Amino acid sequence: MRISFCQGLLTGAIILNLLILYYVSRAQQQMMEKRKELGRSTRRAALPASGLGGVLVGAGGEPGVVGMEGHSRGPRVTVLLREFEQFENYVGDVANSFLHQRPELPFLAVADMSPYPPLVLPEGARLLVLSPSPDQPPQAHRPEFHVQTEFVLLVPDGVELEQPRAIERLIRELEGEGGGPVRLVAAPVLARSAVQCLHLRVNLREWTGTYSPAASGSSGSVCTALQGDAVVLIRTEDLFNLSVPLGRPLFSSLFIQTSLRGWKVKLLEGPCFSANHRPLFSSAHNQWKADTRLKEATGKLMRSFGLKRLLLPDGREQWYGCSKETPRCFGTVQDDTPDYLYLDRWTPPCCLRALRETTKYVINILESSGVRYWLEGGTLLGAVRHQDIIPWDYDVDLGIYLEDVPNCDHLKNLDSGSLVDANGYVWERAVEGDFYRVQYSEANHLHVDLWPFYPRNGIMTKDTWTEHKQDVEFPEHFLQPLVPMPFAGITAYGPNNHKAFLELKFGEGVIENPQYPNPAKKRLDRRNS
């Protein structure tokens, strides 16, 4: 068999790529083994009084400072500054403060892009730019290759080290926790916003993070998140085992990931770190720029982590999902199974909020117009089970009497097209069949479907049917009378014997045995439901 020149070239390129991948993987493995061995050796060694003394490798690569008690050993902590603004910062002052008190400690400033104006850093401090460059190897922009110490001290911009032994205290506290859930230790920064210990519960299935205040203890507070300015110590191995070790905003990114792992942070009452540069920004305009960038970074982080809703300690909500001005959070649904179910998630809370708003709006118009309606299908099932929309449902279904359609101005002329009403809702005749649809907005197609039925010989029927098993005829006596029932924060109307009605539609035991719409594609794990 003859091999053409192109085939040979392609084979050579594949082999070259495999070799590159092999050597990069080997470099990563060796770096992690080196860091672990360093951590083991430093733990075996007897600690000097400072707990931090060691050999400083200077710019020329020669050994420098010897440990404060005469022990020649490497530093145990890298000081890392992640949060600062290019247009105004005190990174150089922070580096000078720490290196003046502890010249043996590596100091690393980390930025997404190369700062402009350029940072002016003292000798012993380095800048790491995370954005890759086509002329550099991958490890040049990976922080785990630039930290060779057992611990990392995360510091905010403008902080100063006045007590040389303060870092030793943090190390002792963290080591004293052993292998328990406390994996981070923090100390407050004075003259800044007071740091608060919080409990953070992240529910990825519901796309939600919930913050609540944490109680203080006699030896400090143990919680799962911090709000405000603090200096945080974490083991290097723990930090770089996070999916996004240095995301921004740093505390939001850090504590979302650590709380999901069950890790806790201990906030000490002391030592305290000072911060003399106050306010951090010299003008209202720069403060506005910083606030705007923080808001943008937070939105980007929440979207990347798949969090659509944050509940704050003061009861406020922050939303990062869809709205009336944006498309919904998921695309066209295939096989009755929206894409998020395959990710083991339920309907995003912003989508549920839009569905509730649309449902309340439509029901109000139907009732004021004299159109008889009832909760249908899965919507009725949600009302019975949850008094709300089923947590994984993606639309709302209402049955209506066909003969009442002329009573509603929003429905009676829809054969000629769609109607965008004064509140931005879109009323239309559905293209998939003989029913009506009300969309949340022109941009956001979350919707309520209205299914017209008419009575014939005591049976509620239609002229067209879908392939859904619940789309069947039923006796009209279920609607005589309609009964009020709580649903999505309002009182709506449903069939008078909802259990029999639902079992006629879906089968026996449907209320007691929840399941996804198409179990052949994705089944509900009832242990987690």
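Structure report, in brief. (Residues numbered from 1 in each chain as written. Predicted model: local features only at pLDDT ≥ 70, side-chain atom pairs only at ≥ 80, totals over all residues. Heavy atoms only, no water.)

**Brief notes about the pairing of strand β4 (residues 151-155)**
Part 1 of the argument: Most of β4 sits out of view: five of its five residues are buried.
Part 2 of the argument: Burial along β4 is two-sided: the face carrying Phe151, Leu153 and Val155 and the face carrying Val152 and Leu154 are both buried.
Part 3 of the argument: Examined bridge by bridge, β4 and strand β10 (residues 230-235) share four bridges and lie antiparallel to one another. Its bridge partner lying in β10, Leu154 is registered against Val232. (Buried < 20%, exposed > 50% of the residue type's maximum accessible area, 1.4 Å probe, protein only. Helix = DSSP H or I, 4+ residues; strand = E, 2+ residues; numbered from the N terminus. Pairing = 2+ DSSP bridges.)

**Some details on unusual backbone geometry**
Part 1 of the argument: Going from Tyr116 to Pro117, the amide bond is cis rather than trans, its omega being 0°.
Part 2 of the argument: In this fold, Pro117 is placed in the loop between β2 (107-111) and β3 (125-129).
Part 3 of the argument: Look at the link from Gly270 to Pro271: it is a cis peptide, with omega at 5°.
Part 4 of the argument: Inspection of the secondary structure assignment puts Pro271 in the loop between β11 (264-267) and α6 (284-305).
Part 5 of the argument: Here Asp335, not a glycine, exhibits a phi torsion of approximately 55°, which is positive.
Part 6 of the argument: Here Asp335 lies in the loop between β13 (317-319) and α7 (339-342).
Part 7 of the argument: The phi dihedral of Ala488 falls on the positive side, at around 55°, and the residue is not glycine.
Part 8 of the argument: Residue position: Ala488 is located in the loop between β22 (483-487) and β23 (490-494).
Part 9 of the argument: On the basis of relative accessibility, which here comes to 7%, the residue Ala488 falls in the buried class.

**Looking at helix α9 (residues 377-386)**
Part 1 of the argument: Burial of α9 is extensive: seven of the ten residues sit out of reach of the surface.
Part 2 of the argument: Among all positions of α9, only Gly377, Gly378, Thr379, Leu380, Leu381, Gly382 and Ala383 are buried.
Part 3 of the argument: Among the structural elements, β14 (373-375), β15 (396-401), β22 and α10 (498-506) are those in contact with the buried residues of α9.
Part 4 of the argument: Gln387 sits one or two positions beyond α9 and adopts a positive phi of about 55°. (Contact = heavy atoms within 4.5 Å.)

**Some thoughts on the nonpolar core**
Part 1 of the argument: Of all hydrophobic cores here, the largest spans 61 residues; its most connected members are Leu366, Leu398, Ile400, Leu411, Trp427 and Leu450.
Part 2 of the argument: Sort the elements by how many residues they give to this core and helix α8 (residues 349-369) lands first, with ten residues.
Part 3 of the argument: Listed in part, the 41 residues of the second largest apolar core include Ala186, Leu200, Phe251 and Met302. (Core = buried A, V, L, I, M, F, W, Y, C linked by side-chain atoms within 4.5 Å.)

**What about the sheet that holds strand β1 (residues 77-81)?**
Part 1 of the argument: The eight strands lie next to each other as β3-β2-β1-β4-β10-β5-β11-β8, forming an open sheet whose pairing is mixed. The sheet is open, and its two edges are formed by β3 and β8 (221-223), each paired on a single side. Strand-to-strand, the axes of this sheet are offset by a mean angle of 25°, without reference to chain direction.
Part 2 of the argument: Here helix α3 (residues 166-176) sits on the sheet and contacts β1, β4, β5 (182-188), β10 and β11; the angle it forms with β5, its principal contact strand, is near 150°.
Part 3 of the argument: Where helix α5 (residues 250-260) meets the sheet, its contacts fall on β4, β5, β10 and β11, and the angle it forms with β5 comes to roughly 150°. (Axes fitted to C-alpha atoms, helices over the stretch in contact; angles between N-to-C directions.)

**Considerations on the pairing of strand β19 (residues 447-456)**
For a regular strand, side-chain orientation follows a simple rule: the groups alternate between the two sheet faces.
Part 1 of the argument: The buried count for β19 comes to seven of ten residues, which makes it a mostly enclosed element.
Part 2 of the argument: Note that β15 and β19 share six bridges and pair parallel. When the bridges of β19 are listed, Gly399 appears paired with Trp451.
Part 3 of the argument: Here strand β18 (residues 436-439) runs beside β19; their pairing, made up of four bridges, is antiparallel. Opposite Val438, over in β19, you have Val448 as the bridge partner.
Part 4 of the argument: Sheet analysis places β19 next to strand β20 (residues 459-461), joined by three bridges and oriented antiparallel.

**Some points on the pattern of salt bridges**
Part 1 of the argument: Scanning all chains against the criterion turns up 28 salt bridges.
Part 2 of the argument: In this structure, Arg76 engages Glu175 in a salt bridge whose closest nitrogen and oxygen atoms are separated by 2.5 Å. With Arg76 in the loop between α1 (5-44) and β1 and Glu175 in helix α3, this pair connects stretches of sequence that are 99 residues apart.
Part 3 of the argument: Judged by relative accessible area, which is 1%, Arg76 ranks as buried.
Part 4 of the argument: Two residues, Glu83 and Arg248, come together in a salt bridge whose shortest N-O distance is 2.8 Å. In this pair, Glu83 is assigned in the loop between β1 and α2 (91-101) and Arg248 in the loop between α4 (236-239) and α5, connecting sequence segments 165 residues apart.
Part 5 of the argument: Bridged by salt links that share partners, the residues Glu83, Glu85, Arg248 and Arg293 form one connected network. (Salt bridge = Lys/Arg side-chain N within 4 Å of Asp/Glu carboxyl O.)

**Considerations on the environment of Leu310**
Part 1 of the argument: Structurally, Leu310 is set in strand β12 (residues 309-311).
Part 2 of the argument: Judged by its relative accessible area of 4%, Leu310 is buried.
Part 3 of the argument: With 100 residues separating them in the primary sequence, Leu310 and Thr210 have C-alpha atoms 5.8 Å apart.
Part 4 of the argument: Setting aside chain neighbours within four positions, we find Leu310 in contact with Gly209, Tyr211, Met302, Arg316, Glu317, Gln318 and Tyr320.

**A few points about the state of the cysteines**
Part 1 of the argument: Overall, the coordinates contain one disulfide when judged by the stated rule.
Part 2 of the argument: Between Cys197 and Cys223 runs a disulfide, and the two sulfur atoms are separated by 1.8 Å. Negative torsions about the S-S bond denote left-handed disulfides, and the value of about -80° found for Cys197 with Cys223 makes this one left-handed. A residue pair is termed long-range when its members are at least 10 positions apart, and Cys197 in strand β6 (residues 196-203) and Cys223 in strand β8 qualify at 26 residues. You'll find Cys197 and Cys223 in the same group, each marked buried.
Part 3 of the argument: Looking at Cys322, it has no disulfide partner, and the nearest cysteine sulfur is the one in Cys351, 3.7 Å off.
Part 4 of the argument: The exposure class of Cys322 is buried, given its relative accessible area of 5%. (Disulfide = S-S within 2.5 Å.)

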